[in-house]
Protein chains: 2
Amino acid sequence: MKKKPQNLISQKWEILLSQAGYRITQPRRAILDIIAESCRPLTPVEIYDLARARSSGIGLVTVYRTIEKLEELHLVDHVHHLGECQTVFRSSDHHQHLLICTNCGTSCYFDGLEVEEQFNQIGQQLGYEVTGHWLQLAGLCEDCQKSHNSKKVPE
Amino acid sequence: MKKKPQNLISQKWEILLSQAGYRITQPRRAILDIIAESCRPLTPVEIYDLARARSSGIGLVTVYRTIEKLEELHLVDHVHHLGECQTVFRSSDHHQHLLICTNCGTSCYFDGLEVEEQFNQIGQQLGYEVTGHWLQLAGLCEDCQKSHNSKKVPE
DNA sequence: TCGATATTGATAATCATTTTCAATAAGAGC
DNA sequence: GCTCTTATTGAAAATGATTATCAATATCGA
(Lines give C-alpha, C1' and ligand atoms only; values in the text may rest on other atoms or scores of the structure.)
Protein backbone atom coordinates (compact mmCIF):
# COMPACT_ATOMS: atom_id res chain seq x y z
CA MET A 1 0.00 0.00 0.00
CA LYS A 2 1.74 3.11 -1.22
CA LYS A 3 1.44 6.27 0.76
CA LYS A 4 0.53 9.18 -1.45
CA PRO A 5 1.03 12.76 -0.28
CA GLN A 6 -2.32 13.84 0.99
CA ASN A 7 -4.26 16.77 -0.26
CA LEU A 8 -4.16 19.74 2.09
CA ILE A 9 -7.89 20.30 1.87
CA SER A 10 -8.85 16.74 2.67
CA GLN A 11 -6.39 16.78 5.57
CA LYS A 12 -8.23 19.74 6.99
CA TRP A 13 -11.57 18.07 6.31
CA GLU A 14 -10.52 14.94 8.20
CA ILE A 15 -9.69 17.01 11.24
CA LEU A 16 -13.00 18.84 11.06
CA LEU A 17 -14.99 15.64 10.61
CA SER A 18 -13.12 14.13 13.53
CA GLN A 19 -13.79 17.15 15.70
CA ALA A 20 -17.46 16.89 14.81
CA GLY A 21 -17.45 13.36 16.22
CA TYR A 22 -17.33 11.48 12.95
CA ARG A 23 -14.91 8.64 12.34
CA ILE A 24 -12.34 8.64 9.58
CA THR A 25 -12.66 5.42 7.63
CA GLN A 26 -10.92 4.15 4.53
CA PRO A 27 -13.91 4.68 2.19
CA ARG A 28 -14.55 8.08 3.67
CA ARG A 29 -10.93 9.08 3.22
CA ALA A 30 -11.00 8.07 -0.45
CA ILE A 31 -14.17 10.07 -1.06
CA LEU A 32 -12.76 13.09 0.75
CA ASP A 33 -9.60 13.01 -1.35
CA ILE A 34 -11.51 12.79 -4.61
CA ILE A 35 -13.79 15.71 -3.87
CA ALA A 36 -10.99 17.81 -2.42
CA GLU A 37 -8.72 17.23 -5.40
CA SER A 38 -11.31 17.76 -8.09
CA CYS A 39 -11.10 20.90 -10.15
CA ARG A 40 -14.73 20.56 -11.11
CA PRO A 41 -18.10 19.68 -9.56
CA LEU A 42 -18.76 15.94 -9.45
CA THR A 43 -21.94 13.90 -9.30
CA PRO A 44 -22.34 11.22 -6.60
CA VAL A 45 -21.92 8.52 -9.24
CA GLU A 46 -18.76 10.13 -10.59
CA ILE A 47 -17.32 10.23 -7.09
CA TYR A 48 -18.37 6.62 -6.64
CA ASP A 49 -16.60 5.51 -9.81
CA LEU A 50 -13.44 7.44 -8.98
CA ALA A 51 -13.42 6.08 -5.44
CA ARG A 52 -13.83 2.51 -6.68
CA ALA A 53 -10.88 2.95 -8.98
CA ARG A 54 -8.76 3.80 -5.93
CA SER A 55 -9.94 1.28 -3.42
CA SER A 56 -12.55 -1.19 -4.55
CA GLY A 57 -15.51 -2.11 -2.46
CA ILE A 58 -16.86 1.34 -1.77
CA GLY A 59 -20.63 1.62 -1.90
CA LEU A 60 -22.58 4.40 -3.52
CA VAL A 61 -24.49 4.77 -0.28
CA THR A 62 -21.29 5.70 1.49
CA VAL A 63 -20.69 8.41 -1.08
CA TYR A 64 -24.09 9.90 -0.37
CA ARG A 65 -23.56 9.70 3.37
CA THR A 66 -20.13 11.30 3.19
CA ILE A 67 -21.42 14.13 1.02
CA GLU A 68 -24.17 14.63 3.58
CA LYS A 69 -21.65 15.14 6.35
CA LEU A 70 -19.40 17.41 4.31
CA GLU A 71 -22.46 19.45 3.48
CA GLU A 72 -23.49 19.63 7.11
CA LEU A 73 -20.09 21.09 7.97
CA HIS A 74 -20.32 23.46 4.98
CA LEU A 75 -17.23 21.98 3.39
CA VAL A 76 -18.92 21.33 0.05
CA ASP A 77 -21.68 22.98 -1.91
CA HIS A 78 -24.18 21.75 -4.42
CA VAL A 79 -23.57 23.32 -7.79
CA HIS A 80 -26.32 23.70 -10.34
CA HIS A 81 -24.97 23.69 -13.82
CA LEU A 82 -26.14 22.66 -17.27
CA GLY A 83 -29.11 20.66 -16.07
CA GLU A 84 -27.11 19.00 -13.32
CA CYS A 85 -28.31 19.86 -9.85
CA GLN A 86 -26.52 17.36 -7.68
CA THR A 87 -22.90 18.03 -8.45
CA VAL A 88 -20.68 18.61 -5.43
CA PHE A 89 -17.75 20.99 -5.20
CA ARG A 90 -15.55 22.07 -2.32
CA SER A 91 -16.93 25.26 -0.87
CA SER A 92 -15.09 28.51 -0.44
CA ASP A 93 -14.26 29.53 3.11
CA HIS A 94 -15.36 33.09 2.57
CA HIS A 95 -18.25 34.32 0.48
CA GLN A 96 -17.28 33.84 -3.14
CA HIS A 97 -18.87 32.94 -6.43
CA LEU A 98 -18.12 30.28 -8.99
CA LEU A 99 -16.92 30.62 -12.54
CA ILE A 100 -17.49 27.36 -14.39
CA CYS A 101 -16.21 26.17 -17.74
CA THR A 102 -19.18 25.10 -19.85
CA ASN A 103 -17.05 22.56 -21.67
CA CYS A 104 -14.98 20.70 -19.07
CA GLY A 105 -16.50 21.95 -15.84
CA THR A 106 -13.25 23.28 -14.38
CA SER A 107 -14.28 25.80 -11.75
CA CYS A 108 -12.74 28.78 -9.98
CA TYR A 109 -13.96 30.91 -7.15
CA PHE A 110 -13.79 34.67 -7.42
CA ASP A 111 -14.77 37.61 -5.27
CA GLY A 112 -14.37 41.36 -5.24
CA LEU A 113 -17.72 42.06 -6.83
CA GLU A 114 -19.31 45.24 -5.52
CA VAL A 115 -22.95 44.76 -6.24
CA GLU A 116 -24.46 44.35 -2.78
CA GLU A 117 -25.67 47.93 -2.70
CA GLN A 118 -27.20 47.57 -6.15
CA PHE A 119 -29.00 44.42 -5.03
CA ASN A 120 -30.50 46.19 -2.04
CA GLN A 121 -31.74 49.01 -4.24
CA ILE A 122 -33.32 46.62 -6.69
CA GLY A 123 -35.06 44.90 -3.82
CA GLN A 124 -36.38 48.15 -2.42
CA GLN A 125 -37.88 49.10 -5.76
CA LEU A 126 -39.80 45.84 -5.81
CA GLY A 127 -40.77 45.90 -2.14
CA TYR A 128 -38.39 43.13 -1.11
CA GLU A 129 -35.86 43.01 1.65
CA VAL A 130 -32.91 41.33 -0.03
CA THR A 131 -31.21 38.80 2.22
CA GLY A 132 -29.02 36.88 -0.17
CA HIS A 133 -27.86 36.45 -3.70
CA TRP A 134 -26.70 33.67 -5.88
CA LEU A 135 -24.37 34.34 -8.74
CA GLN A 136 -22.53 32.04 -11.08
CA LEU A 137 -20.51 32.78 -14.19
CA ALA A 138 -20.13 30.45 -17.12
CA GLY A 139 -17.47 30.51 -19.78
CA LEU A 140 -14.61 28.72 -21.45
CA CYS A 141 -11.46 28.03 -19.49
CA GLU A 142 -8.03 28.62 -20.97
CA ASP A 143 -7.53 25.06 -22.20
CA CYS A 144 -10.96 24.74 -23.72
CA GLN A 145 -10.61 28.03 -25.55
CA LYS A 146 -7.61 26.53 -27.34
CA SER A 147 -8.88 23.05 -28.03
CA HIS A 148 -12.47 24.16 -28.48
CA ASN A 149 -14.79 21.22 -29.01
CA SER A 150 -12.12 18.58 -29.34
CA LYS A 151 -11.83 18.16 -25.60
CA LYS A 152 -14.17 15.97 -23.66
CA VAL A 153 -15.00 16.09 -19.99
CA PRO A 154 -11.95 14.85 -18.08
CA GLU A 155 -12.19 12.03 -15.63
CA MET B 1 -69.28 25.62 -17.56
CA LYS B 2 -68.42 29.17 -16.70
CA LYS B 3 -66.15 31.08 -18.97
CA LYS B 4 -63.41 32.77 -17.02
CA PRO B 5 -61.42 35.64 -18.56
CA GLN B 6 -58.25 34.08 -19.79
CA ASN B 7 -54.81 35.06 -18.72
CA LEU B 8 -53.01 37.17 -21.29
CA ILE B 9 -49.83 35.15 -21.00
CA SER B 10 -51.46 31.79 -21.54
CA GLN B 11 -53.37 33.23 -24.49
CA LYS B 12 -50.07 34.14 -26.05
CA TRP B 13 -48.64 30.74 -25.19
CA GLU B 14 -51.53 28.95 -26.88
CA ILE B 15 -50.88 30.83 -30.07
CA LEU B 16 -47.17 30.07 -29.94
CA LEU B 17 -47.76 26.38 -29.22
CA SER B 18 -50.22 26.26 -32.07
CA GLN B 19 -47.79 27.94 -34.43
CA ALA B 20 -45.18 25.40 -33.44
CA GLY B 21 -47.53 22.66 -34.59
CA TYR B 22 -48.80 21.54 -31.19
CA ARG B 23 -52.46 21.05 -30.44
CA ILE B 24 -54.34 22.92 -27.78
CA THR B 25 -56.18 20.45 -25.60
CA GLN B 26 -58.22 20.85 -22.45
CA PRO B 27 -55.57 19.45 -20.09
CA ARG B 28 -52.88 21.47 -21.77
CA ARG B 29 -54.94 24.62 -21.49
CA ALA B 30 -55.44 24.08 -17.77
CA ILE B 31 -51.73 23.55 -17.21
CA LEU B 32 -50.85 26.60 -19.26
CA ASP B 33 -53.22 28.76 -17.25
CA ILE B 34 -51.86 27.57 -13.94
CA ILE B 35 -48.23 28.21 -14.81
CA ALA B 36 -49.00 31.52 -16.48
CA GLU B 37 -51.02 32.80 -13.54
CA SER B 38 -48.66 31.67 -10.81
CA CYS B 39 -46.70 34.33 -8.96
CA ARG B 40 -44.16 31.74 -7.89
CA PRO B 41 -42.26 28.75 -9.30
CA LEU B 42 -44.23 25.50 -9.13
CA THR B 43 -43.18 21.86 -9.07
CA PRO B 44 -44.70 19.41 -11.56
CA VAL B 45 -46.72 17.86 -8.74
CA GLU B 46 -48.01 21.24 -7.58
CA ILE B 47 -49.11 22.00 -11.13
CA TYR B 48 -50.69 18.56 -11.29
CA ASP B 49 -52.67 19.13 -8.08
CA LEU B 50 -53.82 22.59 -9.13
CA ALA B 51 -54.82 21.32 -12.57
CA ARG B 52 -56.81 18.47 -11.06
CA ALA B 53 -58.68 20.92 -8.87
CA ARG B 54 -59.81 22.71 -12.02
CA SER B 55 -60.64 19.87 -14.31
CA SER B 56 -60.25 16.39 -12.95
CA GLY B 57 -58.70 13.60 -14.90
CA ILE B 58 -55.44 15.25 -15.81
CA GLY B 59 -52.42 13.01 -15.60
CA LEU B 60 -49.07 13.93 -14.11
CA VAL B 61 -47.48 12.74 -17.32
CA THR B 62 -49.32 15.40 -19.25
CA VAL B 63 -47.92 18.01 -16.89
CA TYR B 64 -44.39 16.86 -17.63
CA ARG B 65 -45.02 16.79 -21.35
CA THR B 66 -46.55 20.25 -21.39
CA ILE B 67 -43.67 21.68 -19.37
CA GLU B 68 -41.34 20.07 -21.88
CA LYS B 69 -42.97 21.91 -24.74
CA LEU B 70 -43.12 25.22 -22.95
CA GLU B 71 -39.46 24.83 -22.18
CA GLU B 72 -38.65 24.03 -25.77
CA LEU B 73 -40.26 27.29 -26.82
CA HIS B 74 -38.46 29.13 -24.01
CA LEU B 75 -41.72 30.15 -22.39
CA VAL B 76 -40.81 28.78 -18.99
CA ASP B 77 -37.57 28.36 -17.08
CA HIS B 78 -36.42 25.95 -14.42
CA VAL B 79 -35.77 27.78 -11.20
CA HIS B 80 -33.37 26.43 -8.61
CA HIS B 81 -34.29 27.54 -5.16
CA LEU B 82 -34.01 26.24 -1.61
CA GLY B 83 -33.14 22.72 -2.58
CA GLU B 84 -35.80 22.59 -5.27
CA CYS B 85 -34.44 22.20 -8.78
CA GLN B 86 -37.50 21.35 -10.78
CA THR B 87 -39.75 24.29 -10.17
CA VAL B 88 -41.11 25.96 -13.27
CA PHE B 89 -41.77 29.67 -13.75
CA ARG B 90 -42.78 31.73 -16.75
CA SER B 91 -39.67 33.11 -18.37
CA SER B 92 -38.94 36.73 -19.10
CA ASP B 93 -39.00 37.77 -22.73
CA HIS B 94 -35.81 39.77 -22.39
CA HIS B 95 -32.77 38.95 -20.32
CA GLN B 96 -33.75 39.47 -16.70
CA HIS B 97 -33.03 37.97 -13.32
CA LEU B 98 -35.29 36.65 -10.59
CA LEU B 99 -35.87 37.95 -7.10
CA ILE B 100 -37.53 35.27 -5.01
CA CYS B 101 -39.17 35.46 -1.62
CA THR B 102 -37.57 32.86 0.63
CA ASN B 103 -40.78 32.51 2.58
CA CYS B 104 -43.62 32.28 0.08
CA GLY B 105 -41.76 31.98 -3.22
CA THR B 106 -43.40 34.99 -4.85
CA SER B 107 -41.05 36.02 -7.63
CA CYS B 108 -40.31 39.13 -9.65
CA TYR B 109 -38.07 39.75 -12.58
CA PHE B 110 -35.70 42.67 -12.60
CA ASP B 111 -33.09 44.09 -14.92
CA GLY B 112 -30.94 47.16 -15.25
CA LEU B 113 -27.91 45.63 -13.65
CA GLU B 114 -24.68 46.84 -15.20
CA VAL B 115 -22.20 44.19 -14.31
CA GLU B 116 -21.41 42.60 -17.66
CA GLU B 117 -18.15 44.49 -17.96
CA GLN B 118 -17.14 43.47 -14.45
CA PHE B 119 -17.90 39.84 -15.28
CA ASN B 120 -15.69 39.95 -18.34
CA GLN B 121 -12.84 41.41 -16.32
CA ILE B 122 -13.14 38.76 -13.65
CA GLY B 123 -13.06 36.12 -16.35
CA GLN B 124 -9.96 37.59 -17.94
CA GLN B 125 -8.11 37.55 -14.64
CA LEU B 126 -8.83 33.83 -14.30
CA GLY B 127 -8.15 32.99 -17.92
CA TYR B 128 -11.78 32.39 -18.81
CA GLU B 129 -13.85 33.75 -21.65
CA VAL B 130 -17.12 34.58 -19.92
CA THR B 131 -20.12 33.63 -22.02
CA GLY B 132 -22.97 33.80 -19.58
CA HIS B 133 -24.03 34.50 -16.05
CA TRP B 134 -26.69 33.36 -13.70
CA LEU B 135 -27.93 35.60 -10.96
CA GLN B 136 -30.76 35.23 -8.52
CA LEU B 137 -31.69 37.33 -5.53
CA ALA B 138 -33.43 36.05 -2.45
CA GLY B 139 -35.31 38.05 0.12
CA LEU B 140 -38.59 38.69 1.84
CA CYS B 141 -41.50 40.11 -0.11
CA GLU B 142 -43.63 42.91 1.26
CA ASP B 143 -46.28 40.65 2.77
CA CYS B 144 -43.82 38.28 4.34
CA GLN B 145 -41.84 41.14 5.88
CA LYS B 146 -44.94 42.17 7.79
CA SER B 147 -45.83 38.74 9.06
CA HIS B 148 -42.21 37.97 9.88
CA ASN B 149 -41.31 41.11 11.79
CA SER B 150 -43.74 40.27 14.54
CA LYS B 151 -42.03 36.97 15.29
CA LYS B 152 -38.46 37.72 14.42
CA VAL B 153 -36.24 35.15 16.08
CA PRO B 154 -32.45 35.19 15.76
CA GLU B 155 -30.79 31.87 15.06
C1' DT C 1 -68.15 16.16 -41.14
C1' DC C 2 -64.28 13.24 -41.70
C1' DG C 3 -59.86 11.25 -41.02
C1' DA C 4 -54.93 11.33 -40.02
C1' DT C 5 -52.46 11.63 -36.14
C1' DA C 6 -50.94 14.24 -31.96
C1' DT C 7 -52.25 13.76 -27.38
C1' DT C 8 -54.13 11.45 -23.58
C1' DG C 9 -54.07 8.72 -18.97
C1' DA C 10 -52.98 4.29 -16.94
C1' DT C 11 -49.42 1.18 -16.38
C1' DA C 12 -44.85 -0.27 -16.41
C1' DA C 13 -40.04 0.80 -16.57
C1' DT C 14 -36.15 3.46 -15.30
C1' DC C 15 -33.10 6.15 -12.55
C1' DA C 16 -31.60 8.57 -8.36
C1' DT C 17 -31.77 8.70 -3.56
C1' DT C 18 -33.00 6.89 1.09
C1' DT C 19 -33.90 3.32 4.44
C1' DT C 20 -33.01 -1.08 6.66
C1' DC C 21 -30.00 -4.24 8.82
C1' DA C 22 -26.48 -7.41 10.20
C1' DA C 23 -21.42 -7.40 9.87
C1' DT C 24 -17.36 -4.66 10.44
C1' DA C 25 -13.96 -1.43 11.91
C1' DA C 26 -12.72 3.07 14.29
C1' DG C 27 -11.01 4.92 18.21
C1' DA C 28 -11.48 5.86 23.30
C1' DG C 29 -10.15 3.80 27.56
C1' DC C 30 -7.36 0.72 29.70
C1' DG D 1 -1.36 -3.49 22.19
C1' DC D 2 -6.10 -5.14 23.52
C1' DT D 3 -11.01 -4.65 24.45
C1' DC D 4 -15.41 -2.79 24.01
C1' DT D 5 -18.80 0.39 22.42
C1' DT D 6 -20.94 2.00 18.65
C1' DA D 7 -20.48 4.67 14.27
C1' DT D 8 -19.94 3.11 9.79
C1' DT D 9 -20.19 -0.07 6.20
C1' DG D 10 -22.16 -2.43 1.79
C1' DA D 11 -25.98 -5.18 -0.03
C1' DA D 12 -30.57 -5.26 -0.73
C1' DA D 13 -35.02 -3.36 -0.47
C1' DA D 14 -37.91 0.70 -0.46
C1' DT D 15 -39.09 5.06 -1.97
C1' DG D 16 -39.74 9.04 -5.14
C1' DA D 17 -39.28 11.36 -9.36
C1' DT D 18 -39.20 11.13 -14.20
C1' DT D 19 -39.67 8.68 -18.69
C1' DA D 20 -41.33 5.18 -22.03
C1' DT D 21 -45.18 2.20 -23.77
C1' DC D 22 -49.61 1.73 -25.74
C1' DA D 23 -54.40 1.54 -26.93
C1' DA D 24 -58.15 4.91 -26.69
C1' DT D 25 -59.41 9.62 -27.62
C1' DA D 26 -59.64 14.39 -29.18
C1' DT D 27 -57.81 17.98 -32.17
C1' DC D 28 -57.80 20.42 -36.23
C1' DG D 29 -56.89 20.72 -41.25
C1' DA D 30 -59.12 19.25 -45.39
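Residues numbered from 1 in each chain as written. Chains lettered and ligands numbered in written order. Predicted model: local features only at pLDDT ≥ 70, side-chain atom pairs only at ≥ 80, totals over all residues. Heavy atoms only, no water.

1. Some remarks on helix H4 (residues 60–72) of chain B
Residue and element names in this part refer to chain B. Our working definition: Helix and strand assignments come from DSSP, with helices taken as H or I runs of at least 4 residues and strands as E runs of at least 2, each series counted from the N terminus. By definition here, a helix of n residues has an expected span of 1.5 Å times n minus one. Only protein chains enter the area calculation, which uses a 1.4 Å probe; residues under 20% of their type maximum are buried, those over 50% are exposed, and those in between are partly exposed. Note: the arc covers the axis-to-C-beta directions of the helix. The contact rule is simple, with two residues in contact once any of their heavy atoms fall within 4.5 Å.
Look at H4: 19 Å from first C-alpha to last across 13 residues, which is about the 18 Å you get at 1.5 Å a residue. Within H4, the full set of buried residues consists of Val-63, Thr-66, Ile-67, Lys-69 and Leu-70. The arc enclosing the buried residues of H4, seen along the axis, measures out at 165°, which places them on a common side. Buried-residue contacts for H4 involve helix H1 (8–19), helix H2 (26–37), helix H3 (44–54), strand E1 (76–81) and strand E2 (84–90). One or two residues past the end of H4 sits His-74, with phi positive at roughly 60°.

2. Some points on the domain arrangement of chain A
Residue and element names in this part refer to chain A. Rules: Throughout the structure description, domain borders are defined by an automatic or database domain assignment. Buried area, as used here, totals the accessible surface that two parts lose on assembly, with accessibility defined by a 1.4 Å probe and the loss added over both. By convention in these notes, a salt bridge is any Lys or Arg side-chain nitrogen within 4 Å of a carboxyl oxygen on Asp or Glu. Polar contacts, as used here, are pairs of N or O atoms within 3.5 Å; protein pairs need one atom able to donate a hydrogen and one able to accept it. Residues neighboring in sequence count only if both atoms are side-chain atoms. Under the convention adopted here, Pro, Cys and the residues Ala, Val, Leu, Ile, Met, Phe, Trp and Tyr are nonpolar, Asp, Glu, Lys and Arg are charged, and Gly plus all remaining residues are polar.
Once the domains are mapped, chain A shows domain 1 (1–91) and domain 2 (93–155). Both sides of the domain 1 and domain 2 interface together cover about 1000 Å² of buried area, and 61% of this is carbon and sulfur. Looking only at domain 1, the three residues that lose the most surface to domain 2 are Cys-39, Arg-40 and His-81, adding up to 42% of its buried area. Between domain 1 and domain 2 we count 0 salt bridges in total. Linking domain 1 to domain 2 there are 3 residue pairs in polar contact (both at pLDDT 80 or more). At the level of secondary structure, the elements contributing two or more residues to the side of domain 1 that touches domain 2 comprise strand E1 (76–81) and strand E2 (84–90). Here the side of domain 1 that touches domain 2 gets 4 residues from one element, more than from any other, and that element is E1. Among the residues forming the side of domain 1 that touches domain 2, the class breakdown is 6 nonpolar, 3 polar and 3 charged.

3. Comments concerning the nonpolar core
We apply this condition: By nonpolar core is meant a set of buried Ala, Val, Leu, Ile, Met, Phe, Trp, Tyr and Cys residues that side-chain atoms within 4.5 Å join together.
Ranked by size, the top nonpolar core spans 29 residues in total, and within it A:Cys101, A:Phe119, A:Leu135, A:Leu137, B:Phe119, B:Leu135 and B:Leu137 carry the most contacts. Every element with two or more residues in this core is listed here: strand E3 (97–101), helix H5 (116–126) and strand E5 (129–140) of chain A together with strand E3 (97–101), helix H5 (116–126) and strand E5 (129–140) of chain B. Setting aside residues no more than four positions away along its own chain, B:Leu137 makes contact with A:Phe119, A:Ile122, A:Val130, A:Gly132, A:His133, B:Leu98, B:Leu99, B:Ile100 and B:Phe110.

4. Things to note about the relation of the copies chain A and chain B
Two chain copies here: they are related by a rotation about an axis and a translation along the same axis. Heads up, the rule is: Each copy is superposed on the other by least squares, with the fit set by C-alpha atoms of residues at a pLDDT of at least 70 in both.
Rotating chain A by 180° about the axis while translating it 0.0 Å along that axis superimposes it on chain B, leaving an RMSD of 0.1 Å. The superposition operator between the copies reduces to a two-fold rotation axis. Closest to the rotation axis within chain A is the C-alpha of A:Leu135, separated from it by 2.2 Å. An overlap of 97% is found between the interface residues of chain A and their copies at the interface of chain B, pointing to a shared contact surface.

5. Brief notes about helix H1 (residues 8–19) of chain A
Residues and elements named next belong to chain A. Here H1 spans 17 Å end to end across 12 residues, near enough to the 16 Å set by a 1.5 Å rise per residue. Within H1, burial applies to Ser-10, Trp-13, Glu-14 and Leu-17. Here the buried residues of H1 occupy an arc of 105° about the axis, which is enough to place them on one side. Residues of H1 that are exposed and angled more than 90 degrees away from the buried face: Leu-8 and Gln-19. Looking at the buried residues of H1, the elements they touch are helix H2 (26–37), helix H4 (60–72), E1 and E2. Between the side-chain oxygen at the start of H1 and the backbone nitrogen of Ile-9 there is a gap of 2.6 Å, and the oxygen is on Asn-7.

6. What to know about the protein's contact with DNA strand C
Here is the rule: Residues are labelled near a given molecule or strand when at least one of their non-hydrogen atoms is within 4 Å of it.
Taken together, 18 residues lie near DNA strand C, and A:Ile24, A:Tyr64, B:Arg28, B:Thr62 and B:Arg65 sit nearest. By atom count, sugar and phosphate contribute 67% of the portion of DNA strand C lying within 4 Å of the protein. Residue B:Gly57 places a main-chain N or O atom 2.9 Å away from a phosphate oxygen belonging to DNA strand C. One of the side-chain N or O atoms of B:Arg65 is found 2.8 Å from a base nitrogen in DNA strand C. Elements with a minimum of two residues in the surface near DNA strand C: H4 of chain A together with H2 and H4 of chain B. At 3 residues, H4(A) tops the list of elements feeding residues into the surface near DNA strand C. For the surface near DNA strand C, a count of residues per class yields 7 nonpolar, 6 polar and 5 charged.

7. Focus on the side chain of B:His81
Residue position: B:His81 is located in strand E1. Beyond its immediate chain neighbours, meaning those up to four positions away, B:His81 contacts B:Ile100, B:Cys101, B:Thr102 and B:Gln136.

8. Some details on the packing of H3(B) against H4(B)
All names here are of chain B. Where we set the bar: Angles here are taken between N-to-C directions and fall from 0 to 180 degrees, while the axes themselves are lines fitted to C-alpha atoms, restricted in helices to the stretch in contact. Throughout, the term roughly parallel applies to angles under 35 degrees, roughly antiparallel to angles over 145, roughly perpendicular to angles from 65 to 115, and oblique to all others. Each crossing is labelled by how the near helix is turned from the far one, with a counterclockwise turn of less than a right angle marking it left-handed and a clockwise turn marking it right-handed.
One way to put it is that H3 packs onto H4 with a least axis distance of 9 Å and a crossing angle of 120°. The orientation of H3 relative to H4 falls into the category oblique. Relative to H4, H3 is oriented so that their crossing is right-handed. Together, Pro-44, Val-45, Ile-47 and Tyr-48 of H3 and Leu-60, Val-63, Tyr-64 and Ile-67 of H4 make up the contact between the two elements. Tallied by class, residues from the contact of H3 with H4 come to 8 nonpolar, no polar and no charged.

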